[in-house]
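Here is how the chains run, residue by residue.
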Amino acid sequence: MADKIKHPKISAYMNSLLDDYKHLRGNLKDSGNKPFWDMVVITASDVAQRTAYELQVEEKASKGELPTGLPIHVVSDPPGVRIGNGGSTLTCLEFLHKKYGHTLFEYKILLVHAGGWSQRMPSATVLGKVFSILPHDCPPFQMLDLKLALYWPFVERVQPGVFIVCADDFVVFDLDEEMSWKIPEKGFTALAHPAPLEVGKSHGVYVLADPEEMDTSQPVKICECLKVLQKPSESRMKSEGALLKGDSFMFGDGIKLEGEVVYTDSCFYFGTDVMKRLIDLKESIGDLMCEIDAYGDFLQAVGKNATNDYVNLTFNVSQPTSNLLEMRQMVFDNLNGSDIHILVLNSSKFIHIGTTKELLHHFCHDEEFQEQLSMKKNVFNVLIDGDKRSGISESVNQLIKNEKKDGDVHKEISDNSCIVHCSLQKVLNVGSDCFLEFCHFEVPIQVAKNCIVSNCQVSSLESTLKNILIPTNTFLHTVPINQDGHSDLKYVTIFFHIEDNLKKSACVKDLATLPFLGSNIDAFLIQHGITAQDILPENMRMNQNGNSMNETGKETKSSDEKISLWNLKLYSAHKSMTSSLEEALSMLNDCQPKCKKSKVNHKLFSMAELLQVKNVSAMLDFRRGLFEKIMKLE
C-alpha cells in the first residue's frame, strides 16, 4: 500500500497522532508530549442513551483505554421535542456552568455531539456511534478514541473555550508543526476544507474575505469570514462569492481538485465570550421547545455580511414547531456581532462515515483512508478449529491460504472485507465488501458479498444448522432486550437489505410499497404469512371505522399517517443469540410459499421499540466475554 500513498504528509501526521494517543491511553492525560483537554463532554439524546454511554466510558476506563485524570461528562437532552445539536450545546453549557461555576471559563473543553439513533447505521443504534469500533490497533480503537487523538493538537493552540466535533465523521490533515499560529481566543473559529462545488450543496460553506488571494499550497491559514452558508444552492455559492478563483487547484500535500471549489465545514471552536453569551441565552430561554442547529443557527448568525434571512428557511429542520422562528431570531440577536475566523486546512479532507454504504467503502476499499488512519482489514480476531486454536491479525488471509489442503473445506476471506473483534470457526468463506464485528461463530460460516454482520453469535451446542449462510446484501445485528419489562433476557436479530432506508416513510395506505429486502413490505408479508396490522405500531392500527388512533387517542385518517421501516414491527424475540440469528436467517433464506410461517402469535418489535427495551449491560457483557476469549487466544 505504501507505493499508493497519495498524500504522505497527511498520512505521516495522522499516524503520529494515533501513535501518541495510543501511548497516552491508561496514563495521566497530561503526561504526553503536549497538554490534553481539561474535560470531555459527550451529548446523548435522552437519559437511557446517557446511561448507555456512561457504562461504556466506565468500561473503557477499567480496561485502560482512556487517559486517566480526564473528566468525561455525558449530558442528555431534556425530554420532549428534538432540540438539535445547538440545543444540546446550550444544555451542556448550562450543566457545566452549574457544576463548575466561574471556573468553567478556565477550561479547554472538547464537546462531542453523539445524540441521535444512527438510523442509517443500525449497528450503532444501541451503544451509540461514538463507541463504534474501528479496525485500528489491538485492542481496537473506538470512534471516541479517534476524536480524542485527532483533535489533541488543537489544545495548545486555543485559549479556554469549547471545541465542537461530531461523532460520525473523520477529518484527516497535516498541521505542519513547524508553522506558528494560534486560534483567536474570541468569537468562533471554524475548520475549513477544500471541496468540489457539488459537495458544498450538502455542507456548510464559508465565504472568505479574500478568496482570490488564497495560497492553496499553504497547509494552514487563518482567514476572516464574511458569511456562512448552510447547504446552499450552486447559484447562491456563486452569487455570495464563496468560490475560489480558477478551475484547477493544487492544495497542500498534493491534493488536487479540478473545477469549481469551495471551503466546507467540519468542526468549530468558540471562546469564553461566546460561552457566556450562550449561557445567558439559555437562562433567558428556559426550557427548549424547538430544534436549534449549532451549524445552521450559531454560525449563520456571525460574519461581517451575516443577515437573518436564514431564520425563515426551515427546510433542514426535522420537527418544525410553533416557536421555531422566534427562537432562531433570538439566537441571531444573541450571537450577531461575534467574531468568526476560518482555520483553512489546505492539507486536509473531510470524510463522513454515518451510513452502511460509507462504512463498507471506507473500511473495505478506500486504501488511502486506511493508510491515513492506520486501519487494517483484520484486527483483534481469532480462528477456532475444535480444540485447536490459532490467533489471527492483519495477516489472516495469508494464514488461511497457508493452511489449505487438498480435500479440505474451502477457506477464504476476501481482500476487500474487514473483520474486527471476532471469534470465528476456521471453516469460513467471507465474500467481498463485508464488515464483521463482535461475532462469535462456532460453526462454519459463509458470508456472501456486501454484508454487515454485527454482534451475532452461533453456539455449536445450540445450533440446529451445520453451517451458516448469510445471503448477499444483508445487514444483521442482534440486540439483547428485557421483554415486557421482565428480567428474563431475550434476543432480537434485526435484518435489512444493506441499502434499505430506515428513514424513508410512506403513508399507511401505501405501506405495502415501502422498499424492504430488495423488494417491498408486501412481498415480505405474503411470504411469511403476516398482515399489515401485525407490523404497525399499536397507535396506528386501524379501528373498525378504517381509521387509526394517534397518540392523543383521537381517530385520524389512515392516509394521513406516515410510517417507516424504523417503526414497523418486523422482528421477534428469542431465548438465545443463536436461536435469534437462526430465525432471522430462516426468514431471509426462506422464499418458498410452501414454507410460509405465521408470526401473529409472537410479539413483534420495531427498531424504535428495541431502544425502549434494550439491555445495554447484556450487550456489553457479551462483548466483554468475547474480548477475554480473544485476549487469551490471540
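Structure first, text after, so check above.
This text gives an overview of the structure that appears in the document. All values derive from a computational prediction rather than experimental measurement. Think of each chain on its own: its residues are numbered from 1, step by step along the sequence as written. The model is predicted, so local features are restricted to residues of pLDDT at least 70 and side-chain atom pairs to those at 80 or more, both for listing and for counting; the totals for chains, interfaces and linings are taken over all residues. Think of the side-chain values as coming from all heavy atoms in the structure, minus any hydrogens and water.

Sheet architecture is open: 4 strands sit in the order E17-E20-E23-E26, paired in parallel fashion. Edge positions in the sheet fall to strand E17 (412-413) and strand E26 (468-470), since each has one partner strand and no second. For two strands to be treated as a pair, DSSP must find at least two bridges joining them. For the purposes of this entry, the term helix denotes a DSSP run of H or I that reaches at least four residues, the term strand denotes a run of E that reaches at least two, and both are numbered from the N terminus.

By convention in these notes, a salt bridge is any Lys or Arg side-chain nitrogen within 4 Å of a carboxyl oxygen on Asp or Glu. Summed over all chains, the structure comprises 27 salt bridges. With a shortest N-O distance of 2.9 Å, Asp-169 and Lys-147 are connected by a salt bridge. With a gap of 22 residues between them, Asp-169 in strand E5 (residues 169-173) and Lys-147 in helix H4 (residues 143-150) connect regions that are remote in the sequence. A relative accessible area of 6% places Asp-169 in the buried class. Among the salt bridges present, the one from Lys-227 reaches Glu-240, with a minimum N-O distance of 3.2 Å. Here the residue Lys-227 occupies a position in strand E8 (residues 220-230), and Glu-240 occupies one in the loop between helix H6 (234-239) and strand E9 (248-250), the gap between them amounting to 13 residues. Note on exposure labels: buried denotes an accessible area under 20% of the residue type's maximum, exposed denotes more than 50%, and partly exposed covers the range between, all computed with a 1.4 Å probe on protein chains only. Judged by its relative accessible area of 11%, Lys-227 falls in the buried class. Put simply, Lys-22, Arg-25, Lys-60, Lys-63, Glu-65, Asp-137 and Asp-145 are held in one network by salt bridges that share partners.

Once that is clear, we can look at a positive patch on the surface. Exposure above 30% relative accessible area and no salt bridge define the residues that can form patches, which grow by joining like charges within 9 Å and nonpolar side chains of Val, Leu, Ile, Met, Phe, Trp and Tyr within 5 Å. The method behind every accessible area is Shrake-Rupley, applied with a 1.4 Å probe, and residues are considered shielded solely by the protein chains displayed. Here the positive residues are Lys and Arg and the negative ones are Asp and Glu; neither His nor the chain ends is included. By convention, the point assigned to a charge is CZ for Arg, NZ for Lys, CD for Glu and CG for Asp. On the surface, Arg-82, Arg-120, Lys-231 and Lys-503 cluster together into a patch of positive charge. Tracing the chain through its elements places Lys-503 in the loop between strand E28 (489-497) and strand E29 (505-507).

Structurally, Ser-338 can be placed in the loop between helix H9 (324-335) and strand E12 (340-345). The buried category is assigned to Ser-338, whose relative accessible area is 10%. One polar contact links Ser-338 to Arg-277, side chain to side chain, over a distance of 3.1 Å. Of note is the side chain of Ser-338, whose polar atom sits 2.9 Å from the backbone oxygen of Leu-335. Two residues qualify as a contact provided that any one of their heavy atoms is within 4.5 Å of a heavy atom in the partner residue. The contacts of Ser-338, once residues within four sequence positions are left out, are Phe-188, Val-274, Arg-277, Val-302 and Gly-303. Within 3.5 Å is the distance limit for a polar contact, defined as a pair of N or O atoms, with the added protein rule that one can donate a hydrogen and the other accept it, and that residues adjacent in sequence qualify only through two side-chain atoms.

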